[in-house]
Amino acid sequence: MADALVLGIETSCDETGVALVRVTDEGSELLTDVVASSMDEHARFGGIIPEIASRAHLEAMVPTLTRALEQADVDLSQVDAVAVTAGPGLVGPLTVGAAAAKALAVGLDRPLYGVNHVIGHAAVDELVHGAFPERVMALVVSGGHSSLLLVDDVATDVTELGHTLDDAAGEAFDKVGRLLGLPYPGGPHIDRLAREGDPTAIRFPRGLTAAKDQARHADDFSFSGLKTAVARWVEARQDAGQEIPLNDVAASFAAAVADVLTAKTIAACRRHDVDTLVIGGGFSANSQLRELAAERCAEAGITLRIPPIRYCTDNGAMIAALGAAVVRRGVAPSSLDLPVDSSMPLTQVTV
Ligand code: KG4
Ligand code: ZN
């Protein structure tokens, strides 16, 4: 295969990401990755406002692209293929990225690939730790997703084993953060408090781990019951006029989330005879998850791959990485009238 230069564009939420990846016979090499975030504009609302995110993508798109090309010392005419997030995500933000990618594909007369954001969170690890072995398990955890994927070929063959039935892991952290009075997003604040607390202080429930749930929901997650349990515990203390031991609540809550995520994921690895686990998505920054995953993977003889944090949060490199895998595999390009799909199925790598 001749070398190919793949441009990746990500706009599914609040990050405008543009990256360039070179595909060679040896694998995929990241040339540059530039991200502009509108998070600061959403913080005061306590959540992402799609209209604000869309406008921010519209304004950041060309400057972010220009910076990426400059950093890589590449001319736009050298780009061989354009990959863009087609879903899942917020429709308005996705549309801005797709429109830009279509304009580039038409203007440059190059193929366009609409790819899956969540699978991109796993694929980005190939840029860091090399090509995936034949079969890997991927746990993608963020503010929007908590999904367990069996990846036989990241470009063509992904099976969604399970997902959260209610809140995503990061979302649960953000909601518990709010009830503990922490700033948005609460995830990193709870992580910090939890490091000072006792994870065994309070025994919070582990969702979908009871024997009766094993048949139907072995690979699914649920965090809303846990969130409610934390709220009840805090309310009872407040009603009794007692102080809330924030560190212990945070540590016990974080321990429950990390316990369920790692126990279910490792059980799935065993069941499917998989010995490599990739963890991606913004929530993989979480210290309690990282520590417990490392400990339990070592015990189980599973190789654990987690990309550096900047490639776990939303970025263009993940989309360029998946675009590169798709190009390398010879997958047919997407149609230039490709739609965006806010709930794109996780079995669908490309549109
Ligand atoms: O992937 P991401 O940047 O955006 C989404 O696509 O959602 O993930 C952000 C989510 C937020 O919910 C944030 O609170 C959570 O990940 N998060 C953390 C940590 N860092 C980010 N949660 C717990 N501990 C952390 N260290
Ligand atoms: Zn994401």
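Bear in mind the structure is a predicted one, so any value in this text is a computation, not a measurement. (Residues numbered from 1 in each chain as written. Chains lettered and ligands numbered in written order. Predicted model: local features only at pLDDT ≥ 70, side-chain atom pairs only at ≥ 80, totals over all residues. Heavy atoms only, no water.)

Here's the deal with the sheet that holds strand β1 (residues 4-10)
Definition in use: For two strands to be treated as a pair, DSSP must find no fewer than two bridges joining them. Comment: elements are numbered from the N terminus, with helices defined as DSSP H or I runs of at least four residues and strands as E runs of at least two. As a rule, the C-alpha atoms of each element are fitted with a line to give its axis, helices using only the stretch in contact, and angles between N-to-C directions run from 0 to 180 degrees.
The strand order β3-β2-β1-β4-β5 describes an open sheet built from five strands, whose pairing is mixed. Among the strands making up the open sheet, the edge pair consists of β3 (27-37) and β5 (112-116). On average, each strand axis in the sheet is inclined to that of its neighbour by 25 degrees, with strand direction left out of account. Bridge count between β1 and strand β2 (residues 15-24): seven bridges; the pairing is antiparallel. Note that in β2 the partner of Val6 across the bridge is Val21.

Observations concerning the sheet that holds strand β10 (residues 303-305)
Backbone-to-backbone hydrogen bonds pair the strands of a sheet. The strands run either parallel or antiparallel. Taken together, the five strands give an open sheet; going across it, the order is β8-β7-β6-β9-β10, and neighbouring strands pair in mixed fashion. Edge positions in the open sheet fall to β8 (157-163) and β10, since each of these has one partner strand only. Between one strand axis and the next, the sheet turns by 25 degrees as a mean value, whatever way the strands run. As defined by bridge partners, strand β6 (residues 136-141) adjoins strand β9 (residues 276-280) across four bridges and the pair is classed as parallel.

Notes on the pairing of strand β4 (residues 81-87)
Using the following cut-off: Here's how the labels work: a residue is buried when its accessible area is under 20% of the maximum for its type, exposed when over 50%, partly exposed in between, all with a 1.4 Å probe on protein chains only. Crossover handedness is defined here as right-handed if the route from the first strand over the helix to the second strand goes clockwise, with the strands pointing away from the viewer.
Counted residue by residue, β4 has seven buried out of seven residues, so it is predominantly covered. Strand direction decides the pairing type here: β1 and β4, joined by four bridges, are parallel. Residue pairing for β4: Leu7 is matched across the bridge by Val82. Pairing of β4 with β5 involves five bridges; the strand directions are parallel. The partner of Thr85 across the bridge, within β5, is Val115. Of the crossover connections in this fold, the one passing from β4 over helix α3 (residues 91-108) to the parallel β5 is right-handed.

Observations regarding helix α9 (residues 224-239)
What counts is decided by this rule: What a helix is expected to span follows from its residue count: subtract one and scale by 1.5 Å. Comment: arc refers to directions from the helix axis out to C-beta atoms. The contact definition used throughout considers only heavy atoms, calling two residues in contact when any of these lie within 4.5 Å.
Taking 1.5 Å of rise per residue, the 16 residues of α9 would be expected to cover 22 Å, and the 22 Å separating its terminal C-alpha atoms lies within 8% of that figure. Among all positions in α9, only Leu226, Lys227, Val230, Ala231 and Val234 are buried. Seen along its axis, α9 keeps its buried residues to an arc of 140 degrees; they face one direction. Projecting away from the buried face of α9 at angles above 90 degrees are the exposed residues Arg232 and Asp239. Against α6 (169-179) and α10 (246-271) lie the buried residues of α9. Backbone geometry just downstream of α9 places Gly241 in the positive-phi region, at approximately 70 degrees.

Thoughts on the site of ligand 1
Put simply, the test is: What makes a residue near a molecule or strand is one non-hydrogen atom of that residue sitting within 4 Å of it. Under the rule applied, a polar contact is a pair of N or O atoms within 3.5 Å (in protein, one hydrogen donor and one hydrogen acceptor; residues adjacent in sequence only if both atoms are side-chain atoms). Note on areas: Shrake-Rupley, 1.4 Å probe, and residue coverage restricted to the protein chains presented here.
Around ligand 1, the structure places 16 residues, and the nearest of them are Gly143, Asp174, Asp191, Gly282 and Asn286. A distance of 2.6 Å separates an oxygen atom of ligand 1 from a polar side-chain atom of Asp174. One of the backbone N or O atoms of Gly282 is found 2.9 Å from an oxygen atom in ligand 1. When ligand 1 is considered free in solution it has 550 Å² of accessible area, and contact with the protein chains removes 85% of it.

Describing helix α12 (residues 316-328)
One turn of the α-helix equals 3.6 residues, which is why residues spaced by three or four share an orientation. The terminal C-alpha atoms of α12, which comprises 13 residues, lie 18 Å apart, in line with the 18 Å expected from a rise of 1.5 Å per residue. The element α12 is largely enclosed, with a buried count of twelve among its 13 residues. Within the sequence span of α12, burial applies to Gly316, Ala317, Met318, Ile319, Ala320, Ala321, Leu322, Gly323, Ala324, Ala325, Val326 and Val327. Where α12 terminates, the next one or two residues include Gly330, which has phi positive at roughly 75 degrees.

A closer look at the coordination of the zinc ion (ligand 2)
Stated formally: Think of the donor list as every N, O and S atom within 2.8 Å of the metal, or within 3.2 Å for Na, K and Ca; water never makes the list, so a site can look incomplete.
For the zinc ion (ligand 2), the protein coordination sphere consists of His117 (NE2), His121 (NE2) and Asp314 (OD), at 2.1 to 2.2 Å. Donor residues for the zinc ion (ligand 2), ordered by position in the chain, follow H-x3-H-x192-D. You can see His117 sitting in helix α4 (residues 117-123) and its partner Asp314 sitting in the loop between β10 and α12, a full 197 residues away along the chain. We note that His117, like Asp314, is buried.

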